[in-house]
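An overview of the molecular structure
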Amino acid sequence: MMLRTVSLSLLALLSAALPSRAEDPAVYPTHKIRMLLPYAAGGGGDVVGRLLADKMGKTLGQSIYIENHTGAAGTLGTQMVATSPNDGYTITVGGMTTHVLAPAIYPKLPYDSIKDFTTLGRVGVSAIMLVATKDFAANDIKELIALAKKGQPIQYGSWGIGSTGQFCAEILMQQTGIKMEHVPFNGIAKLAGDLLGGHISLATLDVATATPLVKDGSIKALAACGERSPSLPDIASYKEQGVPFDRSLSWAMYAPAGLAPPIAQKLQAALKDALGDAVVKDKLLALGITPQFVPGDEQRDINARDIEAWKQVAKDAGIEVK
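A brief structural summary. (Residues numbered from 1 in each chain as written. Predicted model: local features only at pLDDT ≥ 70, side-chain atom pairs only at ≥ 80, totals over all residues. Heavy atoms only, no water.)

This paragraph deals with the packing of helix α6 (residues 164-176) against helix α11 (residues 296-317). Between α6 and α11, the least distance of the axes is 10 Å, while the angle of their chain directions is 75°. Taken together, α6 and α11 sit at an angle that is classed as roughly perpendicular. In this structure, α6 contributes F167, E170, I171 and Q174 to the contact, and α11 contributes W310, V313, A314, D316 and A317. Grouping the constituent residues of the contact of α6 with α11 by class yields six nonpolar, one polar and two charged. (Axes fitted to C-alpha atoms, helices over the stretch in contact; angles between N-to-C directions. Helix = DSSP H or I, 4+ residues; strand = E, 2+ residues; numbered from the N terminus. Parallel < 35°, antiparallel > 145°, perpendicular 65-115°, else oblique. Contact = heavy atoms within 4.5 Å. Nonpolar A, V, L, I, M, F, W, Y, C, P; charged D, E, K, R; others polar.)

Right, dumping it as structure tokens:
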């Protein structure tokens, strides 16, 4: 009896020491899925994640719950995803900052935004709006260039060093040859408030923040960095105003690298299904995001191309976050 007990104990210890077997992709998912978001609860990225989690959970037959882990401009939570098990039970929604701009400006980023992730697919694209006070002397890019060439000092505000807003202003300067002084603000709410108060005359804002202010006449929009936004359809894009710009400002869904292809395909199909839902579409559009599914492999290649392009923009502008 003693020998049998010892043998069973040794067997149990050996079993515990062995790595657990990966779940059969054919039956995935068998329990809840975690969507780890590097954004504060209630913010734009958080709202996007929750919209998708609800619809995708219904498609997959398992609930998707949200965990918010903020810090370091979203890179902290993104790193947590990169180091999570690649079993299909951790996913995230990444924006321009976490997966495209961070690699361009952080010399010691703790993850590789291409190699450390399985890209599941694009969620959609959004624009950054170049906006101004109602009495600003320019109404579009042509008039802004003319104003700058008169030698009048021009300041513009963005919501922080290395933000998408700063990059959009830098690409405008690099492509047109004009000079503007960057005034970084601590967050987009502070920037919008100072713009409304007339403390700064020109700024870059995300389209969700800019849209109601432009529509009610509080401010005016000069151009859209990215694609023309359906929420402000009368505002021409950079490209339409003669500024070469062919990069998408996109949101995408990711999982840790090495995810089994059948599981990745199930998640990708659920994402595509969610983006086809009328309610999800309308709510994303209200956030200034145009739903636009692109398969994971294709989006990964777009990210890789854009990272290199933005690295050059950052180098030429001297943008680096240490």
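For the rest of this paragraph, the subject is the state of the cysteines. Linking two cysteines covalently through their sulfur atoms gives a disulfide. Evaluation of the coordinates by the stated rule reveals one disulfide. Between the sulfur atoms of C168 and its disulfide partner C225 the distance amounts to 2.1 Å. On the sign convention where negative is left-handed, the bridge of C168 and C225, at about -75° about the S-S bond, is left-handed. Of this pair, C168 sits in helix α6 while C225 is found in strand β9 (residues 219-225), placing the two residues 57 residues apart along the sequence. By relative accessible area, which is 1% here, C168 ends up buried. Taking the relative accessible area as the measure of exposure, C225 reaches 1% and is therefore buried. (Disulfide = S-S within 2.5 Å. Buried < 20%, exposed > 50% of the residue type's maximum accessible area, 1.4 Å probe, protein only.)

Just geometry here; none of it tells us what the structure is for.
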